[in-house]
Amino acid sequence: MAARASTKFLREVFYRKLNSGATETLRYCSSSSSTAKAPRIPQSSRKGRLLTGVTIGLVIAGGAYVSTVDEATFCGWLFSATKLVNPFFALLDAEVAHQLAVSAAARGWLPREKRPDPSILGLEVWGRKFSNPIGLSAGFDKNAEAVEGLLGLGFGFIEVGSVTPVPQEGNPKPRIFRLRQEGAIINRCGFNSEGIVAVAKRLGAQHGKRKLDETSSTSSPSSSSDEVKQGGKAGPGILGVNLGKNKTSEDATADYVQGVHTLSQYADYLVINVSSPNTPGLRKLQGRKQLKDLVKKVQAARDEMQWGEEGPPPLLVKIAPDLSKQDLEDIAAVALALKLDGLIISNTTISRPDPVDRNPLAKESGGLSGKPLFDLSTNILKEMYVLTRGKIPLIGCGGIGSGEDVYRKIRAGATLVQLYTAFAYGGPALIPQMKVEREDEITQATFYNISRGMITGSNKLYYSLTSGTQNMYFF
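Predicted model, so just to flag it, every value in this text is computed and none were measured.

A. Fine view of the pattern of salt bridges. Across all of its chains, the model carries 14 salt bridges by this definition. Between Asp117 and Lys435 there is a salt bridge, and its shortest N-O distance comes to 2.6 Å. Taken as a pair, Asp117 in the loop between helix H5 (94-106) and strand S1 (123-125) and Lys435 in helix H14 (residues 430-437) lie far apart in primary sequence, 318 residues in all. A relative accessible area of 4% places Lys435 in the buried class. Across the pair Arg288 and Asp330 runs a salt bridge whose closest N-O atoms are separated by 3.3 Å.

So, in structure tokens, the structure goes:
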């Protein structure tokens, strides 16, 4: 069909040019002497017109072909094309590249995932439906500038922040260092944040848009009241808000309470970040007494607010990987006693494991993330799963960069996983790659967790007898 249209178009162009040339020749002859010769058409001009015609034909044929390609294939092309941009970002300063990436996502310049996630990847945690267990950790979109664009990449959830009550610039620059060969990053940003007021405005606008879309869809005649709504308060995916404290604050609890009062209405879950190594004294809040007092007051602040049918957002705590056995036991005891909704394991590490210790940048202060953190954070995850007896959903974070890594985190006890550094290096193409290429490993991990009794309210097994067969569905 495309070829026929292109041929017809070229024929029309040829005849139009031929007739136009003949007319011009007759006009010239009638006004000239009988001995005058008609001008010759330069050979280069003829070649140019032929080349133009062929080019136009190819464009039309290509456009016709693309129009026949299914949406899934075209979407895959767009994600693959983002790999071409990665070398450009590698030439830029790390923080400049980060800011450009956030701006691109905020402006809708990144591809949007149109392909539905395989149903086997879906799960339900805290009464919220996740289309897949792969999320983006806090630190990438610190000020909630690109929530819609990042969710559109196909993440099951994203987490914004850390957000501080009062705007602060963070630590002096440079403060982000790439260790490309090791697949790692060292950062000492120090909770650089525009503050809860700016973030609340952005999330409020996003929340309002979501509600308007829901109202429009429910008023549509084709919509069904029994249809299960996917996603959360920000759109198609789940949104977490990570709360931090200001560097100069003398009352950390008041900072977290203020964050809860201002931002919890826009969050599908909240995170108390007490594990960043770049804010002086913050990690001391992981002590048993300090953490217990903090969590009780933050829970009280959340529960005193008025909530609808969905109830208050779940409250999680993000912990460090640099903890002793006693520290882990204390955190687990607090989490179980106060019925904490979840733990994120883990934040960046202040250690410099092999092979990072041999890199000249290892001397830079700050938290290390990426591949070298994987084993350390996964071991902490395993231990915490045992200590909490599988009663608390755990989010595995640290060094994830492939579907196999997701599999190993789930095998260690994670319900959900988060990545950051691998996304910074690999770009948007990494997300569908992790979901599609490693779907078998993720499926095996789900069966493994169920066989071990790891059904913590997040992985529920349902049986549906259909046509005499037994089907399993994971939510």
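B. Representation of the sheet that holds strand S4 (residues 157-163) in the model. Spatially, S3-S4-S7-S8-S9-S10-S12-S13 is the arrangement adopted by the 8 strands of the closed barrel, whose pairing is parallel. Strand-to-strand, the axes of this sheet are offset by a mean angle of 25°, without reference to chain direction. Of the strands in this sheet, S4, strand S7 (238-243) and strand S8 (269-273) are in contact with helix H8 (residues 252-263), which crosses S7 at around 150°.

C. Representation of the nonpolar core. Formed by 75 residues in total, the largest nonpolar core has its most connected members in Tyr256, Leu343 and Met384. Residue contributions to this core peak at 6 residues, all from helix H11 (residues 374-387). Look past the residues within four positions of Met384 in its chain and what remains in contact with it is Ile319, Leu328, Ile331, Ala332, Leu343, Ile345 and Leu394. Ranked by size, the runner-up nonpolar core spans 13 residues in total, among them Phe130, Tyr269, Val271 and Ile344.

D. Fine view of the environment of Lys339. Considering the arrangement of structural elements, one finds Lys339 in the loop between helix H10 (325-337) and strand S10 (342-345). Given the relative accessible area of 69%, Lys339 is considered exposed.

E. Focus on unusual backbone geometry. For the bond from Gly161 to Ser162, the omega torsion is 5°, close enough to zero to count as cis. Inspection of the secondary structure puts Ser162 in strand S4. Notably, Lys339 is not glycine yet its phi reads approximately 55°, a positive angle. Positive phi values are uncommon outside glycine, yet Arg389 reaches one of about 55°. Taking the relative accessible area as the measure of exposure, Arg389 reaches 56% and is therefore exposed.

F. Fine view of H5. Helix length check: H5, at 13 residues, gives a terminal C-alpha distance of 18 Å against a target of 18 Å (1.5 Å per residue), a fit within 8%. Those residues of H5 that sit buried are Ala94, Glu95, Ala97, His98, Val102, Ala104 and Ala105. Contacts made by the buried residues of H5 are with helix H4 (86-90), helix H6 (147-151) and strand S5 (176-179). Two to three positions downstream of the cap, the backbone nitrogen of Glu95 sits 3.0 Å from a side-chain oxygen, assigning the N-cap of H5 to Asp93. At the exit of H5 stands Gly108, carrying a positive phi of roughly 75°.

G. The packing of aromatic side chains, seen in detail. The final tally for this structure, using the stated rule, is 9 aromatic pairs. Both rings, one in Trp126 and one in Phe130, keep their centres 6.3 Å apart while their planes meet at 65°; by these two values the pair is edge-to-face. Between Trp126 and Tyr269 the ring centres are 5.6 Å apart and the planes differ by 40°, which places this aromatic pair in the tilted class. Within this pair, whereas Trp126 is found in the loop between S1 and strand S2 (128-130), its partner Tyr269 is found in strand S8, the two being separated by 143 residues in sequence. Its relative accessible area of 0% is what places Tyr269 among the buried residues. Clustering of aromatic rings is evident, with ring pairs tying together Trp126, Phe130, Phe157 and Tyr269. Taking NZ or CZ as reference, Lys409 lies 4.8 Å from the ring centre of Phe374, over its face.

H. Highlighting the sheet that holds S5. Across the sheet, 3 strands lie side by side as S5-S6-S11; this open sheet has antiparallel pairing. Each edge of the open sheet is held by one strand with a lone partner, namely S5 and strand S11 (367-370). Neighbouring strand axes in the sheet, compared pairwise and without regard to direction, differ in orientation by 20° on average. With 4 bridges joining them, S5 and strand S6 (residues 184-187) adopt antiparallel strand pairing. Paired with Ile176 across the two strands is Asn187, which belongs to S6.

I. Seen up close, the pairing of S4. By the criterion of burial, S4 is predominantly enclosed, with 7 of the 7 residues buried. Alignment of strand S3 (residues 134-136) against S4, held across 2 bridges, turns out to be parallel. Across the sheet, Gly135 pairs through a bridge with Phe157, a residue of S4. Taken together, the 5 bridges between S4 and S7 define a ladder with parallel strand orientation. Considered in S7, the bridge of Val160 is made with Val241.

J. Layout of the environment of Leu92. With respect to the element layout, Leu92 can be found in the loop between H4 and H5. Here Leu92 falls in the partly exposed class, since its relative accessible area comes to 23%. Sequence-distant contacts of Leu92, that is, excluding residues within four places in its chain, are made with Ala97, Leu100 and Arg178.

K. Examining the pairing of strand S12 (residues 394-397) more closely. A two-sided burial pattern is seen for S12, the buried positions comprising Leu394 and Gly396 on one face and Ile395 and Cys397 on the other. Across 3 bridges, S10 lies against S12 in parallel orientation. Bridge pairing links Leu343 to Leu394 in S12. When S12 meets strand S13 (residues 416-419), the two strands line up parallel, connected through 3 bridges. When the sheet's bridge partners are listed, Ile395 is paired in S13 with Leu416. In terms of handedness, the path from S12 via helix H12 (residues 403-411) over to S13 forms a crossover that is right-handed.

What counts and how
- Residues numbered from 1 in each chain as written.
- Predicted model: local features only at pLDDT ≥ 70, side-chain atom pairs only at ≥ 80, totals over all residues.
- Heavy atoms only, no water.
- Salt bridge = Lys/Arg side-chain N within 4 Å of Asp/Glu carboxyl O.
- Helix = DSSP H or I, 4+ residues; strand = E, 2+ residues; numbered from the N terminus.
- Buried < 20%, exposed > 50% of the residue type's maximum accessible area, 1.4 Å probe, protein only.
- Pairing = 2+ DSSP bridges.
- Axes fitted to C-alpha atoms, helices over the stretch in contact; angles between N-to-C directions.
- Contact = heavy atoms within 4.5 Å.
- Core = buried A, V, L, I, M, F, W, Y, C linked by side-chain atoms within 4.5 Å.
- Expected span 1.5 Å × (residues − 1).
- Polar contact = N/O pair within 3.5 Å; in protein donor to acceptor, adjacent residues only side chain to side chain.
- Phe/Tyr/Trp six-rings, centres within 6.5 Å; stacked < 30°, edge-to-face > 60°.
- Lys NZ or Arg CZ within 6 Å of the ring centre and 35° of its normal.
- Right-handed = clockwise from strand over helix to strand, strands pointing away.

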